[in-house]
Every structure is written in C-alpha cells, then in structure tokens.
Amino acid sequence: MKRRNLVKSLGVSVLAISMIFATGCSKEGPEAAKGEKAKTEKVYKWKMVTTWPKNFPGLGTGANNVAKLITKMSGGRIQVKVYGAKELVPAFEVFDAVSRGTAEMGHGAAYYWKGKNAAIQFFSTVPFGLTAQEMNGWLYHGGGLKLWTEVYAQYNLVPAAAGNTGVQMGGWFNKEINSLDDLKGLKMRIPGLGGEVFKRAGGTPVTLPGGELYTALQTGALDATEWVGPYNDLAFGFYKVAKYYYYPGWHEPGTTLEAIINKEAFDALPEDLQEIVLNACKVVNQDMLAEYTARNNAALNTLVNEHKVQLRAFPDDVLKELRKISDEVVAELAEKDDTAKRIYASFKTYREQVNDWHEISEKAFLRARSLK
Ligand code: CA
C-alpha cells in the first residue's frame, strides 16, 4: 500500500471495525481478528547493511538502534541484523545491495549516491543549507520527504531520515587556512556538494569511507579531511595526524543520515509493521542528534585540553567565497533535470522562509544568550 494512502486507509479500517461491533456482526469480527493474527505471526528476518564501521559511535550505534527498536517494537516479528561496512558489502555498495534485495535495509547518507542522481544530495545536506532542526522541518512538514520517497521509488527503495549529526566541523588540516588560496592544491576528503565547492576553490576532493581516513592522512595520501564532529573525530584519532581543527562545517550544516528499505520488502509488511519500521527511524533521527549535541562538547574539551589540538575558525572572507561558490554549485544542480529542479524549488522556498523565521528566533536568542 502506498504510504500516502496509509492514514486514509487506517481511518477507514477503524471505521469499518467500529461498524462491525456497532452492528453486532459477531461472526465476522472474531474470524477477521483470527485471520489478522495468523497473518501477523509471520517473522521477517532482515539484514541491514551500513556504510559505517561496525558499532562506530553515533553513526554505527544509530544504525544498531534502528534495528533494535524495530525488533523490540514489533515483538520480534521483524528481526533486523546489522552488518558493518565490508561485512556483507563494501560501504559504497549499500544503496545497490538494498535496491536489488541482497539486504532488506541499509543505513548511510544520501550524498554517497550522487553518482545515481546528483539531486539525491539535497536529502543529506547542502553547503550553507539547512541545520538539523530546519532539515527535519523540511522533510517532515515542508514536502522534502515526499520528494525523497518519490525519487527513491525509482531505485526500488523507501527512504527514511534516520539520524542527524548537527552542524559538523570544517575538518582537519596540517596548515593554517588564511585565504582561499590556502585551499589550492590540497587533497581533501570532502564528500557531496561540499566536495564540488572545494574543487572550484582549487582543491582536489576525494570521497573515502570513514574507516580509511586515518591511514590516508597518516601516509600523506590525503592532505586534509573532514569527517563529522568532535565525538566521531576523537574516536578515529585524527588529532594524532593533523594539527588544526577548523570550524564551522559550512559544507555540512545538519547532515541527515538515511535508512533505506527495499521497496518490495517494505510493501510485503502488514501496515502496523510498516509504521513500526518508519517510526523506529524517526525516533533514531531525533535521538542521534540529541546524542551528538550532548557528546560533542565533551569530546571537544578532550581534543583541545588533552590532545592540544589547535582549534581554528575559517576567516569570514574564506566563508564568504565558499558561500558564493556554493550558491552557484547548488543552483547548477537544479538545472540537471526536472526532478532536481523540483527538489531545488522546494528546498529554496523553504530555506528562505525558515531563514527569516530563524533570524528572529534561534539566531536572535543565541545572540541574546551570549551578550556580555
Ligand atoms: Ca562529514
């Protein structure tokens, strides 16, 4: 059943059941209930492949939580087993593996699949785009998830937002960035549209899975890398191989992690289990952001005070230039095809509106709280 009809049909079911009881059709009631029970006793054994190292803090444990919640909330009617990157398929084959049904579910980020359709990147993050709070507003109540569902249906997938990192860090460098020229010639791991912006600023962007970054920095295969934020970057030990830690993560202001579900596997579920799967993702989408918010500050203290990491802000001039290039890159993306055009139109309208609102709410409040 199509999801947009779900609420409608649930309403109809409730009405139908009420009518059965109201009219005293005692035969149909219990028989229907018995049939429903037999149908729902089937156990679905699902595999979830992920783009993260197994049990990686925040991202990997977020994927684990989706699996645990689905298994628990369904009373074991769906049992989800999680596989870390390379356990069943490599990190960047997660999309295809779930699309063809090798695994029923996956957990990753939409910008990893820009090779399939560049417009997909809007559903993870866009440079100078939306914060976590704004992203969730767009997805759940601004038309974003509807577009995402429509696009992924072409790949035999059902998408769900299933985690958010909040504003990321700008990355690890071994030299100071004082002007845009300092980015020229640098080979940096920076995925998605941020990578394209970095390229136009004169750098060489590379997309590598998280698990390969430490060694690449250590051996000099990379000059710089971004990953997530203090909590995750501390876990990978980047402070041992890079000196400067830059902020803010202009390229990833509130990255949405995704759960993808094979469409046939999803459609085969009874409606209550479909709701459990989608709502487990929704719970983790919020919970992961809460975890990052709580843990990043503690990790930043460790990095700066114990490991003597040099914290640096990108100069305003550099940010202004990057913002200018970003606007061009994002607008060009919208010209690729009709799908990209529609997603961009929805995103752009929403960003303008939410920006006006947040100027006088979130931003004004944070400024007020910092007044000396
Ligand atoms: Ca990142």
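> Give a detailed account of the packing of aromatic side chains, specifying residues and quantitative values.
Under the criterion given, the structure shown has 25 aromatic pairs. Residues Trp138 and Phe347 carry aromatic rings whose centres are separated by 5.8 Å and whose planes lie at 85 degrees to one another, so their mutual orientation is edge-to-face. Taken together, the residues span a long stretch of sequence, with Trp138 in helix H5 (residues 132–141) and Phe347 in helix H13 (residues 338–360) at a distance of 209 residues. The exposure class assigned to Trp138 is buried, which follows from its relative accessible area of 0%. Residue Phe347 is classed as buried on the basis of its relative accessible area of 2%.

> Can you break down the coordination of the calcium ion residue by residue, with the values?
Surrounding the calcium ion are the protein donor atoms Gln168 (OE1), Glu226 (OE), Glu226 (OE), Trp227 (O) and Glu252 (OE), at 2.1 to 2.9 Å. Read from N- to C-terminus, the donor residues coordinating the calcium ion fall into the pattern Q-x57-E-W-x24-E. Here Glu226, found in the loop between strand S8 (224–225) and helix H9 (230–236), pairs with Glu252, found in the loop between strand S9 (244–247) and strand S10 (256–262); they are 26 residues apart in sequence, far enough to count as distant. With respect to burial, Glu226 and Glu252 carry one shared label: buried.

> Talk me through the confidence of the model for the protein; I want residue IDs and the actual numbers.
Mean pLDDT over the protein works out to 91, with 89% of the residues at or above the 70 mark. Every residue in residues 1–29 is under pLDDT 50, and counting partners more than four places away or in other chains gives 17 contacts.

> So what's going on with the sheet that holds strand S4 (residues 157–164)? Which residues, and what values?
Sheets are built from strands paired through backbone hydrogen bonds, the pairs being either parallel or antiparallel. Within the open sheet, the five strands sit side by side as S2-S1-S3-S10-S4. Their pairing is mixed. The open sheet is flanked by strand S2 (78–83) and S4, the only strands paired with a single partner. Taken over all neighbouring pairs, the strand axes of this sheet differ in orientation by 25 degrees on average, direction set aside. Judged from the three bridges that link them, strand S1 (residues 44–50) and strand S3 (residues 105–108) form a sheet pairing that is parallel. Bridge pairing in S3 links Val49 to Gly106. In the packing of helix H3 (residues 59–73) onto the sheet, contacts are made with S1, S2, S3, S4 and S10, and the angle to S2 comes to roughly 165 degrees.

Cut-offs used in this document
- Residues numbered from 1 in each chain as written.
- Predicted model: local features only at pLDDT ≥ 70, side-chain atom pairs only at ≥ 80, totals over all residues.
- Heavy atoms only, no water.
- Phe/Tyr/Trp six-rings, centres within 6.5 Å; stacked < 30°, edge-to-face > 60°.
- Helix = DSSP H or I, 4+ residues; strand = E, 2+ residues; numbered from the N terminus.
- Buried < 20%, exposed > 50% of the residue type's maximum accessible area, 1.4 Å probe, protein only.
- Donors = N, O, S within 2.8 Å, 3.2 Å for Na, K, Ca; no water.
- pLDDT = per-residue confidence, 0-100.
- Contact = heavy atoms within 4.5 Å.
- Pairing = 2+ DSSP bridges.
- Axes fitted to C-alpha atoms, helices over the stretch in contact; angles between N-to-C directions.

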